[in-house]
Protein chains: 2
Amino acid sequence: MAKPIEFLFDFSSPYGYLAAHRIDAIGQKHNREVKWRPFLLGAMFQINGQRPLKEQVLKWDYSSHDIERTARRYGIEWELPEVFPIPTHAAGRAFYWINEQDEELAKQFALLVYQRYFTQGLDIRSKNIIGELAMELGLGTDACLRAIDSDIYKEKLKTVTSKAIERKVCGSPFIFVGNEPFWGHDRLDMVDEWLQTDGW
Amino acid sequence: MAKPIEFLFDFSSPYGYLAAHRIDAIGQKHNREVKWRPFLLGAMFQINGQRPLKEQVLKWDYSSHDIERTARRYGIEWELPEVFPIPTHAAGRAFYWINEQDEELAKQFALLVYQRYFTQGLDIRSKNIIGELAMELGLGTDACLRAIDSDIYKEKLKTVTSKAIERKVCGSPFIFVGNEPFWGHDRLDMVDEWLQTDGW
């Protein structure tokens, strides 16, 4: 079977949120598994001296309009949270804890976190809120909180982020088809075409 | 008749170069005139404290790969010039001089400048080289050189750039359908869809 598609994203990334609604359908169309891999975009920006999109005034004016327009195009609910962007350690660690148990459930969890943040502005920085979202999916809140504070999942999230930097991931979402890199929600059609044609 | 599409670009912009090969076909498909408007991205970056793509290491690694892949996808010849990016005052002023005489000829000139720069690395900063390219299209070299040095076309290029900044243009290429802004070669399919559906 062909290698899985890798879908890297940060939980505070609007275009990651949009892509999370579409990436699995692209995988299914081409009979490819999609591995979801949250990472820490903030850590990456610090290392590379980049600034968050929202601090780049002209770009943000345009991008906030583009995000809303793109969400409308795909029928995805969208509302910019008051606090944005935010650090996403708790969500990322909880994801990997769930992912070890059940990859499909971890995707459901990721979509739930994304939706609550980008449609209701829920403060997903909070460990307790992440624990409650895990509970909504039938998982134990206490076990989730322990996972968030455990060295195992701290390390896991750090390692994924370091490896992403090594592979020159420069934003979120970032998709790998084999070693072929695609950056941005706006490359999903190209990912689809790349899979269809086996590259060009 | 529907308002023209506005196509803003800098002569030193790889994605502008790619879009220049496709934008008029999109206009024709929807029976819309396309107005080409070179501007000075460098001046805009200075005002906004942005850095050229090439100086943003991680982004450039990815983007140089993406540009080549996109050019291949659309069958457009591409080679990164040794000197890149460059100031594009001479080409911009010559464009507006030609544009006053013949808008179609100005587009041919723009494509010629783009091709010689992005396939052969010709130094299009040089007024004399711009004059020679004008000559290839049957225009007078001396008249072109006078236009490049004239206050009229200096002002024209400055004015287009200032107005672009006022309209929050944040990169090249940048397309307006009425007041709807689209940034990047990767928004051309969206422009097409927007024209098809009259927006959403």
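Residues numbered from 1 in each chain as written. Chains lettered and ligands numbered in written order. Predicted model: local features only at pLDDT ≥ 70, side-chain atom pairs only at ≥ 80, totals over all residues. Heavy atoms only, no water.

## Concerning the sheet that holds strand S3 (residues 174-177) of chain A
All names here are of chain A. As a reminder, the rule being used: The pairing criterion for strands is at least two bridges between them, as found by DSSP. Counting from the N terminus, the helices are the DSSP runs of H or I reaching at least four residues and the strands are the DSSP runs of E reaching at least two. Comment: axis = line fitted to C-alpha atoms, over the contacting stretch for helices; angle = value between 0 and 180 degrees taken between N-to-C directions. Whether two residues are in contact is decided by their heavy atoms, any of which lying within 4.5 Å being enough.
Spatial ordering of the open sheet is given by S2-S1-S3-S4, a layout of four strands whose pairing is mixed. The open sheet has two free edges, formed respectively by strand S2 (34-38) and strand S4 (180-183), since each of these has just one partner strand. In this sheet, adjacent strand axes meet at a mean angle of 20° when their direction is disregarded. Pairing geometry for strand S1 (residues 5-9) and S3, over four bridges, is antiparallel. Opposite Phe7, over in S3, you have Ile175 as the bridge partner. In the packing of helix H6 (residues 103-120) onto the sheet, contacts are made with S1 and S2, and the angle to S2 comes to roughly 50°. Sheet strands touched by helix H10 (residues 188-197): S1, S3 and S4. Its angle to S3, the strand with the most contacts, is close to 5°.

## Regarding the packing of helix H4 (residues 57-73) of chain A against helix H10 (residues 188-197) of chain B
Any two packed helices are characterised by the angle at which their axes cross and by the distance between the axes. So the rule is basically this: Angle categories are assigned with fixed cut-offs, so that under 35 degrees is roughly parallel, over 145 is roughly antiparallel, 65 to 115 is roughly perpendicular, and the rest are oblique. Less than a right angle of anticlockwise turn of the near helix away from the far helix marks a crossing as left-handed, whereas a clockwise turn marks it as right-handed. Any residue that is not Ala, Val, Leu, Ile, Met, Phe, Trp, Tyr, Cys, Pro, Asp, Glu, Lys or Arg is counted as polar, Gly included; the first ten are nonpolar and the last four charged.
Between H4(A) and H10(B), the least distance of the axes is 13 Å, while the angle of their chain directions is 60°. Relative to H10(B), the element H4(A) lies oblique. Of the two possible hands of crossing, H4(A) and H10(B) adopt the one that is left-handed. The segment H4(A) lies against H10(B), with A:Asp66, A:Arg69, A:Thr70, A:Arg72 and A:Arg73 engaging B:Met190, B:Glu193 and B:Trp194. Tallied by class, residues from the contact of H4(A) with H10(B) come to two nonpolar, one polar and five charged.

## Quick look at the interface of chain B and chain A
So the rule is basically this: Buried area is a sum: the accessible area each of two parts loses on coming together, probed at 1.4 Å, counted once for each and added. Each salt bridge in this description consists of a side-chain nitrogen of Lys or Arg and a carboxyl oxygen of Asp or Glu lying within 4 Å of one another. Here a polar contact is recorded for every N or O atom pair within 3.5 Å, except that within protein the pair must consist of a potential hydrogen donor and a potential acceptor, and residues adjacent in sequence are included only if both atoms are side-chain atoms.
Contacts between chain B and chain A engage 29 residues on the former and 29 residues on the latter. Between chain B and chain A, a total of about 2800 Å² is buried, with carbon and sulfur atoms accounting for 53% of that surface. With a closest N to O distance of 2.6 Å, B:Asp66 and A:Arg187 form a salt bridge. Inspection of the chain B/chain A interface yields 20 residue pairs in polar contact (both at pLDDT 80 or more). At the level of elements, helix H4 (57-73), strand S4 (180-183) and H10 of chain B are the ones that each hand at least two residues to the side of chain B that touches chain A. The element contributing the most residues to the side of chain B that touches chain A is H4(B), with ten residues. Residues of the side of chain B that touches chain A, tallied by class, amount to twelve nonpolar, five polar and twelve charged.

## Description of the packing of helix H5 (residues 89-101) of chain A against helix H8 (residues 141-149) of chain A
Residues and elements named next belong to chain A. Relative orientation of the contacting elements H5 and H8 amounts to 110°, with a least axis distance of 8 Å. Classified by the angle between their axes, H5 and H8 sit roughly perpendicular to one another. The two elements H5 and H8 meet at a crossing, and its hand is right-handed. In contact with Ala90, Arg93, Ala94 and Trp97 of H5, H8 contributes Ala143, Cys144, Ala147 and Ile148. Considering only residue class, the contact of H5 with H8 consists of seven nonpolar, no polar and one charged.

## What to know about the relation of the copies chain B and chain A
Between the two chain copies there is a screw-like relation: a rotation about an axis and a shift along it. For the record, the criterion: To superpose the copies, least squares is applied to the C-alpha atoms of every residue with a pLDDT of at least 70 in both.
Aligned on chain A, chain B shows an RMSD of 0.0 Å; the corresponding rotation is 180° and the shift along the axis is 0.0 Å. Seen this way, the second copy is the image of the first under a two-fold rotation axis. Across chain B, the smallest distance between a C-alpha and the rotation axis is recorded for B:Asp186, namely 3.4 Å. A high fraction, 100%, of the interface residues of chain B reappear at the interface in chain A, so the copies pair face to face through one surface.

## Observations concerning the pattern of salt bridges
Worth spelling out the cut-off: For every residue, the accessible area obtained with a 1.4 Å probe (protein chains only) is divided by the maximum for its type, and the residue is called buried under 20%, exposed over 50%, and partly exposed between those limits.
The full count for this structure, using the stated rule, is 36 salt bridges over all chains. Across the salt bridge formed by B:Asp192 and B:Lys29, the nearest N and O atoms sit 2.9 Å from each other. Of the two residues, B:Asp192 is situated in helix H10 and B:Lys29 in helix H2 (residues 23-29); the sequence distance between them amounts to 163 residues. What makes B:Asp192 buried here is its relative accessible area of 18%. Judged by its relative accessible area of 52%, B:Lys29 is exposed. Ionic contacts of the salt-bridge type, sharing partners, join the residues A:Asp66, A:Arg69, A:Glu180, A:Asp186, A:Arg187, B:Asp66, B:Arg69, B:Glu180, B:Asp186 and B:Arg187 into one network.

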